[in-house]
Amino acid sequence: MEFETVIGLEIHAQMKTNSKIFCSCTTAFGNPPNTNTCPICLGMPGVLPVLNKEVVESAIALGLATNCQITQWNQFARKNYFYPDLPKGYQISQFDLPICEHGHVNITSGGNERRIGITRIHMEEDAGKLVHDDREPKSYVDLNRAGTPLLEIVSEPDIRSPEEAAAYLRKLHAVVTYLDICDGNMQEGSFRCDANISLRPVGQKELGTRTELKNMNSFRNVQKALEFEIRRQRDLLLDGEAVIQQTLLWDPDRQVTSAMRGKEEAHDYRYFPDPDLVPVVIDDAWIARVRQNLPELPDAKLARFINELGLGEEEASILTSERPLADYFEAALAHYPNGKKLGNWILTELMRELKGAEGMDIATFPVQPVELARLMGMIDKGTISGKIAKTVFEEMIRSGKDADTIVKEKNLVQNSDAGEILQLVQDILVNNPEQVADFKGGKTKLMGFFVGQLMKVSKGKANPQMANELFSQELNK
Amino acid sequence: MSISKEEVEKVASLARLELSPAEVELMAEQMGTVLGYVAKLDEIDATNIKPTTHVLDIDNSFREDVMHPSLTQAEALANGPDQNGEAFVVPKII
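Residues numbered from 1 in each chain as written. Chains lettered and ligands numbered in written order. Predicted model: local features only at pLDDT ≥ 70, side-chain atom pairs only at ≥ 80, totals over all residues. Heavy atoms only, no water.

Peer 1: Before we go on, may I ask you to explain a nonpolar patch on the surface in this structure?
Peer 2: Residues and elements named next belong to chain B. A cluster of nonpolar residues, Val-34, Tyr-37, Val-38, Leu-41 and Ile-44, forms a patch on the protein surface that exposes about 540 Å² of accessible area. Relative to the helices and strands, Tyr-37 resides in helix H2 (residues 21–38). For Tyr-37, a relative accessible area of 61% corresponds to the exposed category. (Patch = residues over 30% accessible without salt bridge, like charges linked within 9 Å, V, L, I, M, F, W, Y side chains within 5 Å. Areas by Shrake-Rupley, 256 points an atom, 1.4 Å probe, with all protein chains shown as cover. Salt bridge = Lys/Arg side-chain N within 4 Å of Asp/Glu carboxyl O. Helix = DSSP H or I, 4+ residues; strand = E, 2+ residues; numbered from the N terminus. Buried < 20%, exposed > 50% of the residue type's maximum accessible area, 1.4 Å probe, protein only.)

Written out as structure tokens, the structure reads:
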């Protein structure tokens, strides 16, 4: 039997605000436990939460960037449940009137463009962090994260494969980082995702029983966990067994999903309007002002890179996948006009260096965009060859010196003196009579050998184009 | 307005309250009275009244996104029933 996969994602994006959503404590990550708390986020009785305006601004921006309708009249609600990381016994969230609804984003997966609906985006506070003791039956509660602003983004069950889920997640990741409302760090949990997944026989309308997957803290893990869960559910269904509706945790070490321990309780959150918080009313003027300040978004940038700079779709989509990379590219482009050549260099040479270096990323890359632009210009002018430029680039990364200095210090200026090169070419031909005979006999591949010899004696500095021309000229005499 | 013993038990369990059978009986009666009182509102014709979630007629009360110093770790932990100097300690829950 053939099955169709149905996936919906819930993304939690932590806002990059200075302070928490309802109090003035810092949102900084990594401080000693329980040093970023106050009576409000500790849930002391008698305190009054007051909404951080920046959170509303961020939510409107994300709503506009994902084609949502912005709700005019907003209310916060209490979601009631008991858990040690939730000091008040309820989470302040939104329920029946989320700030954004009815949106969508377009994704490309496997060459197909698809529209994925966004059901809703709402504002809420994050919970604290629990650390469980390995030996003793104890857990330790750190409330630094309690009250950190979150936007929860709920997709429609429109996603049909793990690849599409990853593409959707990458798209939302790009949007929140372009908007600069979330740092997008998945390891630190600033951008996390849960998935609902079910299978149904192809052609069936009703959805199958779904499971909820948690603990997937990278794009790769999301895809792998979903792939595993599809196999697990398919095996059950083919054996005539039922899929049990439950929450499963992805175990990245063992590459399996397993049920969360403990008794599953039917959720009954008894939402009700939070009387501590007054309504948030968003008028058209406010929306218009946020819209005006939206930066160029990934889709628009992608289209511009393809249409105006002549980049290929693949290159353009990698260059626009993360804002810091796109920013780097554009900063270099301001000093070097050929986007195609520049993009190519970034995607091959620069990316290779980034991958090879532990802990280096584009934001802290030692070669400034303008320095790369200058290096590219030196290749175009014929000052150095493309091959030498790679060596110079590596040296720039290692030493932090600029291209000019390195080329001068190491005496790497390309030799374009026709007379000098001709002399070398003739010497090589005289010293390799066998190869010359073979070449003339039709082994034209030997051109590579001759040029290689020349590069050896010139220490890579001979102008390769000239070398090719002069060899052809001499060999065809 | 009456409320069943099952409803009382469910609410009690959601609120982590342990009630004796006699208390369940008593609560069912008392909560029924409270709900009956609130149900009086149903007698009013509210067709033209906007739903209200807040007693004050104000909206958009915000704070600017400014950070202020937090409590010290010792102050934050002071009211916890159990702590280890840096974290609250609770029975293990997974």
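Peer 1: Is there a simple way to explain the pattern of salt bridges in this structure?
Peer 2: Residue and element names in this part refer to chain A. Applying the stated criterion across every chain, the model contains 29 salt bridges over all chains. Close ionic contact of Arg-160 with Glu-4 constitutes a salt bridge, the shortest N to O distance being 3.3 Å. You can see Arg-160 sitting in the loop between strand S11 (149–155) and helix H2 (162–178) and its partner Glu-4 sitting in strand S1 (residues 3–14), a full 156 residues away along the chain. Residue classification places Arg-160 among the partly exposed residues on the basis of a relative accessible area of 25%. Owing to a relative accessible area of 26%, Glu-4 belongs among the partly exposed residues under this scheme. With its nearest N and O atoms 3.5 Å apart, the salt bridge here joins Arg-323 to Asp-327.

Peer 1: What's the story with helix H7 (residues 323–333) of chain A in this structure? I'm lost.
Peer 2: In an α-helix there are 3.6 residues to a turn, and that puts residues three or four apart on one side. Residues and elements named next belong to chain A. The complete set of buried residues in H7 reads Leu-325, Ala-326, Tyr-328, Phe-329, Ala-332 and Leu-333. One side of H7 holds all its buried residues, which, seen down the axis, span an arc of 160°. Elements in contact with the buried residues of H7: H2, helix H5 (298–307), helix H6 (313–319), helix H8 (339–356) and helix H9 (369–381). (Arc of directions from axis to C-beta. Contact = heavy atoms within 4.5 Å.)

Peer 1: What should I look at first to understand the packing of H2(A) against H5(A) in this one?
Peer 2: When two helices pack together, their arrangement is given by the angle between the helix axes and the distance between those axes. All names here are of chain A. Interhelical geometry of H2 versus H5 gives an angle of 95° and a closest axis separation of 9 Å. The angle between H2 and H5 falls in the class roughly perpendicular. Here Lys-171, Ala-174, Val-175 and Tyr-178 of H2 lie close against H5, whose contacting residues are Pro-298, Asp-299 and Lys-301. The class makeup of the residues in the contact of H2 with H5 is four nonpolar, no polar and three charged. (Axes fitted to C-alpha atoms, helices over the stretch in contact; angles between N-to-C directions. Parallel < 35°, antiparallel > 145°, perpendicular 65-115°, else oblique. Nonpolar A, V, L, I, M, F, W, Y, C, P; charged D, E, K, R; others polar.)

The values reported here are purely geometric and, on their own, carry no functional implication.
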